[in-house]
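If you want the building blocks of each chain, they are given just below.
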Amino acid sequence: MTTSDVHSKPTGAPPPPPPAEITYSGQYSVNPLADVSFLKMCAMLPSVLARIGRLSWQTDRQAVRLLIACQIVTGVSAAVLLAATARAMGPVLAAGSAAARLQGALPALLVIALAAAMNRLAGAVATYAERRITPLLTSETDSTLVEAVCRVEAAAYAQDGFSDRQEAAEMGVVRTHVMVTDAQRFMSSLIRLITAGSVLSLLSLMMLPLLLLAVLPAGFGAVLTARVDYQIHYANISDRNVRGMMRWWATASQYGDEVRANSMTDYLVYWYRALSDRCDRRNLAAAPRTLRISLLSALAGGGFLLATWGALAWLAVTGRIEPAIAATAVIAVQTALAALSQVVINCAAVFHTSLYLNDMQSFLDEAAARAPRRGPREVSGPVEQIRLDEVVYQYPGKDKPAVDGISLTLERGQILAIVGANGSGKSTLTRLLTGIYLPDKGKVTWNGCDLADTDPATVWRLTGLVPQDFARWPLRVRENITLGQPRTHDDAPVWEAIDAVGLREAVEDLPNGLDSLQARDIWGGVEFSGGQWQREACARALYRKPELLILDEPTSQMDPRGEHQVFERIKAIATDRITIMVTHRLENTKIADHIIVLEDGRISEQGHYEDLVHCGGTFAELLALSQDR
Ligand SMILES: Nc1ncnc2c1ncn2[C@@H]1O[C@H](COP(=O)(O)OP(=O)(O)OP(=O)(O)O)[C@@H](O)[C@H]1O
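Residues numbered from 1 in each chain as written. Predicted model: local features only at pLDDT ≥ 70, side-chain atom pairs only at ≥ 80, totals over all residues. Heavy atoms only, no water.

Asker: Explain the packing of aromatic side chains residue by residue, including any values.
Answerer: As enumerated under the stated definition, the model contains 13 aromatic pairs in all. Summarising the aromatic geometry, the rings of Tyr 157 and Phe 162 are spaced 6.0 Å apart at their centres and angled 85 degrees between planes, so their arrangement reads as edge-to-face. Taking 4.8 Å as the distance between ring centres and 15 degrees as the angle between the ring planes, the aromatic pair formed by Tyr 393 and Tyr 437 counts as stacked. One end of the pair, Tyr 393, is in strand E3 (residues 385–393); the other, Tyr 437, is in the loop between helix H9 (426–433) and strand E6 (441–446), with 44 residues separating them in the sequence. Both residues of the pair, Tyr 393 and Tyr 437, count as buried. Ring-pair connections join several aromatic residues into one group, and the members of that group are Tyr 157, Phe 162 and Phe 363. (Phe/Tyr/Trp six-rings, centres within 6.5 Å; stacked < 30°, edge-to-face > 60°. Helix = DSSP H or I, 4+ residues; strand = E, 2+ residues; numbered from the N terminus. Buried < 20%, exposed > 50% of the residue type's maximum accessible area, 1.4 Å probe, protein only.)

Asker: Tell me what's going on with the sheet that holds E6, and back it up with residues and numbers.
Answerer: Taken in spatial order, the four strands of this open sheet run E4-E3-E6-E7, and their pairing is antiparallel. The strands lining the two open edges of the sheet, one partner per strand, are strand E4 (403–411) and strand E7 (449–450). As paired strands, E3 and E4 are joined by seven bridges and run antiparallel to one another. The residue bridging Arg 387 from the neighbouring strand is Thr 409, located in E4. Lying over the sheet, H9 contacts E3, E4 and E6, oriented at roughly 125 degrees with respect to E3. (Pairing = 2+ DSSP bridges. Contact = heavy atoms within 4.5 Å. Axes fitted to C-alpha atoms, helices over the stretch in contact; angles between N-to-C directions.)

Asker: Lay out the site of the ligand with the relevant residues and their values.
Answerer: The local shell around the ligand holds 14 residues, among which Gly 423, Lys 426, Ser 427, Thr 428 and Gln 468 are the closest. Ser 424 places a main-chain nitrogen or oxygen 3.2 Å from an oxygen atom of the ligand. Contact between the ligand and His 584: an oxygen atom at 3.1 Å from a side-chain N or O atom of the residue. Relative to its unbound accessible area of 630 Å², the ligand is 68% covered by the protein chains. Each residue belonging to the shell around the ligand can be placed in one class, and the counts come to three nonpolar, eight polar and three charged. (Near = heavy atom within 4 Å. Polar contact = N/O pair within 3.5 Å; in protein donor to acceptor, adjacent residues only side chain to side chain. Areas by Shrake-Rupley, 256 points an atom, 1.4 Å probe, with all protein chains shown as cover. Nonpolar A, V, L, I, M, F, W, Y, C, P; charged D, E, K, R; others polar.)

Asker: How would you summarise the sheet that holds strand E9 (residues 548–552) if you had to cite specific residues and measurements?
Answerer: In spatial order, the strands read E8-E9-E10-E5-E11-E12; together these six strands make up an open sheet with mixed pairing. If you trace the sheet from one side to the other, it starts and ends with strand E8 (463–466) and strand E12 (602–607), each paired once. Sheet twist, expressed as the average angle between the axes of neighbouring strands with direction ignored, equals 15 degrees. Direction of pairing for strand E5 (residues 415–420) relative to strand E11 (residues 594–599): parallel, over a ladder of five bridges. Paired with Leu 416 across the strands is His 594, a residue of E11. Lying over the sheet, H9 contacts E5, E9, strand E10 (578–582) and E11, oriented at roughly 145 degrees with respect to E5.

Asker: So, the pattern of salt bridges: which residues are in play, and what are the values?
Answerer: Taken as a whole, this structure holds 20 salt bridges when the rule is applied. With a shortest N-O distance of 2.6 Å, Glu 547 and Arg 412 are connected by a salt bridge. Of this pair, Glu 547 sits in the loop between helix H14 (530–543) and E9 while Arg 412 sits in the loop between E4 and E5, placing them 135 residues apart in sequence. For Asp 491, the salt bridge goes to Arg 478, with nearest N and O atoms at 2.8 Å. (Salt bridge = Lys/Arg side-chain N within 4 Å of Asp/Glu carboxyl O.)

Asker: Could you give me a rundown of the confidence of the model for the protein, with the residues and numbers involved?
Answerer: With 94% of its residues at a pLDDT of 70 or more, the protein shows a mean pLDDT of 85. Within the protein, E3 carries the highest mean pLDDT (96), whereas strand E1 (residues 2–4) carries the lowest (47). Segment residues 1–10 is flagged for pLDDT under 50; beyond a separation of four residues in sequence, or across chains, it makes 22 contacts in the model. (pLDDT = per-residue confidence, 0-100.)

Here you go:
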């Protein structure tokens, strides 16, 4: 992936730099449709319809049966309607009084009315069946996508294009809202078309090919237009993805203070508009192409349509068909034309949907391929030892490893502190220790089990992590503490964790105590301060009573009282677990049994606090700097 800035010419004050344009190399740089022919695109339709049918069947079999029954009724009633029309035309066009002619046509007219009523009824029931399928199908597809993303190896997030593929897949979810309707409409118009076409070919064989020729150009045009739309959609994926992220950051209330007090609003709005403009420009650039396609297809279709009507008139005028048959043929042509244009419109819609469904499916396949497959071994407590042997990890696209050949042994009861400059690899090391990432070289073992061969769920069941950027879950206080390990029937352990971080008073002050919803943007929601949120994140990790407790800058937002309390607690419970603390506040490492100092992904110094303070190395230097005020 590459990014480039496009600068406009300066006029007076320098203009703000526009957002970087993202272009991909490799597999994602190629639009999957670029080399697909029109015929191949049409040939994709049956498999798409089959896929929609399969998904619908899995969702609600009864509704699918109902839909099929409605299609059959639609077809039969359309055939009956046309046949009865032909029968009614004889008496209607015969000589005699209007009353007599009407009386002669009455039985056929009653059949027409009945067939029309059945047709409407089938339409209404089909809509009901669709409405039973679509919400469930959409929710299921949406949940499948969310689950797939939640379950991939964390390393996948760092892969170029992964998040854009996810954005493209989201469109597949959006299209599931309409895909059953489109497919249903396509099938019923196809059935109407086949019926009207069959009746017409019975009346005059010559009419059918002409009719087909009249509508085929429109079909051709609709599919080509869908292809152009998809090309634009494909070109806009990255910009839309970034714009979607920026929209959230710019409008989320928790960043509102920063946005306002740092006068970021103008630039953010400019930035957002610049991305929208870029998407719009691509859309506008495609407009002449779609106009050309529409005009040419309308011209060709119109020519053939004129020929159809001309042929019908010629047949009637030259007496080759009777007036009653000619009148029925007019109705059959009208019916077939209406059905054909519906077939074309819905065929293009189904085709369009298939493109997005393909994106979704390929993302789901990719996510499934990236789901952890590490082997069947299981780790269980107590965890006596965690070892790293010559562990190396390099992020995709980086030219040097973030962790570079680290070996370490941690024993139960030990507190390890990891320190080092920004970017020295501390957080990456904790990800390797917990098996969130697997090393490129070397191995990490828990009680002798190599994490590369171990079911990660069994490892994470024994882990408690307070990350640097912890989430502020919009849940109740109770769930915010028990999330990941819910024990909802007994609040005593929840209060124990709350007490451990000194948060009881704050929780008791909330209008509904543990039941208070921590989502300030939702009506009735409450909000903690930054430090209180951090105490809660620590309480969440302590509540798990983990075998491995990792705290990455756990007290950075806490007041001294809170910080002291948390460290006292960590010391008090340390004997039953392995504890790792990542921190820039070097004074806090006094509680550690062992400290490692990282530089460029390697251990540059290690030992106890007193040893490192006096050995004149990086630790001593950093400590001196932190005290130099
Ligand atoms: N998701 C990621 N994708 C690509 N590179 C990453 C990613 N996360 C970290 N890095 C890179 O890996 C290196 C180590 O980062 P890491 O977050 O482990 O450092 P750290 O010591 O925890 O830093 P800090 O003290 O700032 O938290 C850095 O060069 C960083 O740019």
